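Residues per chain, in single letters:
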There are 2 protein chains.
Amino acid sequence: MLAVTGGLVADVYSGTWVHANIEIDGDRIVYVGPRDPPPRVTKINARGKVVTPGYIEPHTHPWCVYSPSSLLEAAVPDGTTTLVYDNLFFFLAHGVEGLRRIVEAMHAAPAHIRWVARLAPQSAMPDEAQRFATETVAPLLSWPEVVASGEITGWARVARGDERLAAGIAAAKAARRRVEGHNAGASYDRLAELAAAGISSDHEGINGADALHRLRLGMWTMLRQSSLRPDLATILRDLGDVIATSRRLMLTTDGATPSFYAEHGMIGGALRVATECGVDPMRALQMATIDPATYLGLDEELGGLAPGRRATLLILPEPGEWKPELVLVNGRVVAHEGRLTVRTPEVPWPELDGYPLAPAAAFADPAIYERLDGPVMRYESAVINRAGDPVSELGPGQMRAALVARDGSWVTNGVVEGLFEADGFATTATTSLELLVLGRHPAAMARAATRLADLGGGFAFDRGWSAPLELDGLMAAGGFGRAALVERELGRQLTAHGYPFHDPLYSLLFATGDFLPEVRLTPRGLVEVKSGAVLAPARALVGSRG
Amino acid sequence: MLAVTGGLVADVYSGTWVHANIEIDGDRIVYVGPRDPPPRVTKINARGKVVTPGYIEPHTHPWCVYSPSSLLEAAVPDGTTTLVYDNLFFFLAHGVEGLRRIVEAMHAAPAHIRWVARLAPQSAMPDEAQRFATETVAPLLSWPEVVASGEITGWARVARGDERLAAGIAAAKAARRRVEGHNAGASYDRLAELAAAGISSDHEGINGADALHRLRLGMWTMLRQSSLRPDLATILRDLGDVIATSRRLMLTTDGATPSFYAEHGMIGGALRVATECGVDPMRALQMATIDPATYLGLDEELGGLAPGRRATLLILPEPGEWKPELVLVNGRVVAHEGRLTVRTPEVPWPELDGYPLAPAAAFADPAIYERLDGPVMRYESAVINRAGDPVSELGPGQMRAALVARDGSWVTNGVVEGLFEADGFATTATTSLELLVLGRHPAAMARAATRLADLGGGFAFDRGWSAPLELDGLMAAGGFGRAALVERELGRQLTAHGYPFHDPLYSLLFATGDFLPEVRLTPRGLVEVKSGAVLAPARALVGSRG
């Protein structure tokens, strides 16, 4: 038995603050109220402090240089003790069996980890129908750790009534799971079609009108404060009175960069923004606790401080001050004054079936990188490009761009403009899990790609800086500190090469994501996103194993 | 295609009112927003009117003289288009197979009928463990129509950790269903134990403090306006600001009498009370729509007007005026100006395995009724009695009381005081489904019981008024009007015999309900409720078939 005594307790159910003692037996709360705990019980004195439920991050991608394990070093001391993880790259890289081992490894996390299971990849794949067959994906939706089907970035396909996606949505509903949307840029009428198709939630609103439209069309609406889109203040200011009258608002950081989390924390950071915008602390806290718990079907276990719930709670200095002094998960102190005090879980990465990365020789031929296919991808923000006229030789600010299969079997070529300029640069940190190779000179690109292959994935210029990402070529082994260092150095390096935007990591990750305007490098070829047209198909490479 | 145009639409998700057109395709809403519907579509002009989702009654007992079918004549024209029905007496009388047929018959209802499945009866039964075995009850919790396990009236058993109830609660949670409580009169500390044991909701608060305590302890809280306990105004006035800040409040009428529904309607009547108490119409509407839909796990289908939801909506004259002019269910007009315009579903009662009622001869012996066992049950309200000293002969205001098995195999005897006075009166309308026989004279009681047996169940004095309840001895065949007539006449008759309280039907129903203070007639015998002690056991009857 343990008791947290004398604190001002957040009752997120009634939306009131109450002085109360909390009794804990094992991993559960057994009492919240006025009575004094028995004398022999271990007590945590919270007098003069505030006690709240741990925050919930309903939508995050645990692979942005950090890993599902190291991310917890940033999340838990921040007070974010329930995280919904995206399964996408684990499923792609390691299949159902590997995913199962990762999911089970996270049972040992000092946090509550739940998962979404994707119905489709983030970059169209030639073998998508086979990899994401309904008979493969539907059983995942009934896993006890899975709370929803994962965001469908290709929402136009949902609106068009794609049969496989419809079957996946039906399977999620049958399993009483939610259906996550990703309806970026969808018009009101398109959003209505997506709601009619069964999309339960969305996190892509970038202003108050977007958020209100999503709410109105029945979608649970996540308000986002990510490194790529720190829109929360705009949305909250626009929403005004609707914040108080609405149901179904949540906060999310949507897989921000390590440096963003290092600076701002996770949901705690979003709560600070809400407080700066004048949102009542209790209402803000509801958006970070009971509302997402209810959305996720977890409200009988998480999201509030009541008997029967997990003893997962925060001790904070005062209402509206969101950085916890102490974090308890399942009745155990796991973080103190901003530092994790327990170990993060070990994921058995070396034992998982890997995603193959061919030997360096497969990437050594400069001819792989030479072609200047399709319209130029002119970047106007960190992740959005517009199609420019094709070129026959590189102009200023332009680089060749090639997406090369990790097994060396095919390549998609193109030209980027406005990102940065280097002789050669290569990374495995892409949404397709393939090699993205950029540069002005094919020979230097080949050198960067072979260096990268020798590293086993990560980031590599043709000479100078490189950094391995040991886990699936996407995540740094080790702790969160190393992930933040690698990402900061990536930023410094790209900035030194002329990168003008605020999110170098996502510029690379999403260069292959065919859910953003306007032209993308994909395994199918160079693709015009809106129409889905292949402007230049991927071509097989001589001597390939594919 | 159908469209409802020009109305002021309740957006219960964001808590705002918006002028919008609604497009309907079949049984679903496909669009809500500003665009004009296509020209050829049938249009319902709602200009100058208000459009809301149909109301949800999350907790009702469809057998209080009315039946699951006839109740809809009162509910649907009132705007209550989703009803959660209690399975108890159908399960007891007709078993799993019979229950299944009733549940399926209700698929044809002009409303959305969902069910709770009970884990225990409302009167302790000698064969309860067998009838409510986990292997029998748990599968019911996965029926698609079932949203929760049914209220557990014997909450002291839950608090004591009763193994079979714990197994049932675990089965409900595993099936992702709610666990309904019935925590009448439980202290704060006891409520905390019940929350810890997994109770998800409660509807037994009778003032604001009760409601706040239930909320605070994590229970979804139904605010009740029933014939027996019309407490809503008291609760709302007490709750004050908490109404706006809370999550998880709902309205319920908890199986009121036919005359109550005839006069007040169902959830519409509760909404009128809320408006009279000054509750903002939008907030009140949320408590009657999206909040219960979310509690019940139905929010992707019901409780709001959005694409993908059922086209179940009301057209009302103005905000705060709750009586619908027009009711649509699944895109079809089902009620107009207070009258149902479609048929109610046929339940194949004659085909169901019945609950046996022995021939009249089984009840003809005055000796069955003679004994004056145990303390006198002195009624101090319609349903609550206090134990008085035992008597050796009847005093003024007292009657013999006997609960006799429908098959004539046993009897429990006692004495009531303060209810009414008659020579003989008998009814099958009890929570145990047995015969309750009351009277001053054993011979007259025998006459009433034999008249009742000849009727096949219902209400019968030894001479004069009687009324059959053809369906399980509990419900009147035919429409709601007949149910209301029978119940009004019952009230007139008992009042003429000195009945002093406001709910004669529930006085009879609950005379056998061992969840109310203080002494009850049950199949086990005369029981002291709090301790569960049997004060005088049921005795076998000579010549019984049991």
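Every value quoted in this text rests on a predicted model; they were computed, and no experiment measured them.

The rules behind the values
Positions within a chain are numbered from 1, following the residues in the order the chain's sequence is written. Key to labels: chains lettered from A, ligands numbered from 1, both in the order written. Local features in a predicted model are, by the rule used here, given only for residues with pLDDT of at least 70; side-chain atom pairs are given and counted only at 80 or more, and totals for whole chains, interfaces and linings are based on all residues. Hydrogens and water are ignored here; the side-chain numbers use all heavy atoms of the structure. Helix numbering and strand numbering both begin at the N terminus, where a helix is a DSSP run of H or I of at least 4 residues and a strand a DSSP run of E of at least 2. Atoms considered for the radius of gyration are the C-alpha atoms alone. The globule rule reads 2.2 Å times the number of residues to the power 0.38. Throughout this description, buried means an accessible area under 20% of the type-specific maximum (1.4 Å probe, protein chains only), exposed means over 50%, and partly exposed covers the range between. In what follows, a contact means two residues having at least one pair of non-hydrogen atoms within 4.5 Å. Note on areas: Shrake-Rupley, 1.4 Å probe, and residue coverage restricted to the protein chains presented here. Charge counting follows a simple rule: Lys and Arg are positive, Asp and Glu are negative, and His as well as the terminal groups are ignored. In this description, the location of a charge corresponds to atom NZ of lysine, CZ of arginine, CG of aspartate or CD of glutamate. In this scheme, strands are said to pair when DSSP sees at least two bridges between them. Fitting a line to C-alpha atoms yields each axis, with helices limited to the stretch in contact; the angle taken between N-to-C directions then spans 0 to 180 degrees. Pairing of aromatic side chains here covers Phe, Tyr and the six-membered ring of Trp, requires ring centres within 6.5 Å, and sorts the geometry by plane angle: under 30 degrees stacked, over 60 edge-to-face, intermediate tilted.

Colleague: Summarise the overall build of chain A; cite the residues concerned and give the values.
Modeller: Looking only at helices and strands, chain A has 17 helices and 29 strands in total. Over its C-alpha atoms chain A spans a radius of gyration of 24 Å, differing by no more than 12% from the 24 Å that the globule rule assigns to 546 residues. C-alpha atoms of chain A, sized along the principal axes, occupy 80 × 45 × 45 Å. Residues classed as buried in chain A amount to 66% of the 546 residues present. Here the analysis covers contacts within chain A between residues at least 6 apart in sequence; of these, 68% occur between residues at least 24 apart. Summed over its atoms, the accessible surface of chain A is roughly 17700 Å², and 50% of this surface lies on carbon and sulfur atoms. For chain A, the distance from the average site of its 51 positive side-chain charges to the average site of its 63 negative ones is 2 Å.

Colleague: Could you give an account of helix α12 (residues 267-276) of chain A, with specific residues and numbers?
Modeller: Residues and elements named next belong to chain A. Burial within α12 is extensive, with seven of its 10 residues counted as buried. Those residues of α12 lying buried are I267, G268, G269, A270, L271, V273 and A274. Positive backbone phi, at 90 degrees, marks G278, one or two positions downstream of α12.

Colleague: Give a detailed account of the sheet that holds strand β28 (residues 534-537) of chain A, specifying residues and quantitative values.
Modeller: Residue and element names in this part refer to chain A. Sheet architecture is open: three strands sit in the order β26-β27-β28, paired in antiparallel fashion. Here the strands that pair on one side only, and so sit at the sheet edges, are β26 (519-522) and β28. Put simply, the sheet's adjacent strands are angled 15 degrees from each other on average, direction ignored. Alignment of β26 against strand β27 (residues 525-528), held across four bridges, turns out to be antiparallel. Among the inter-strand pairings, T522 is bridged to a residue of β27, identified as G525.

Colleague: Pulling in residues and values, what's your account of the packing of aromatic side chains?
Modeller: Residue and element names in this part refer to chain B. The tally for this structure, following the rule as stated, stands at 38 aromatic pairs over all chains. Ring geometry for W220 versus Y295: centroids 5.6 Å apart, planes at 45 degrees, classification tilted. With W220 in strand β12 (residues 220-224) and Y295 in helix α14 (residues 290-295), this pair connects stretches of sequence that are 75 residues apart. Just as W220 is buried, Y295 falls in that class too.

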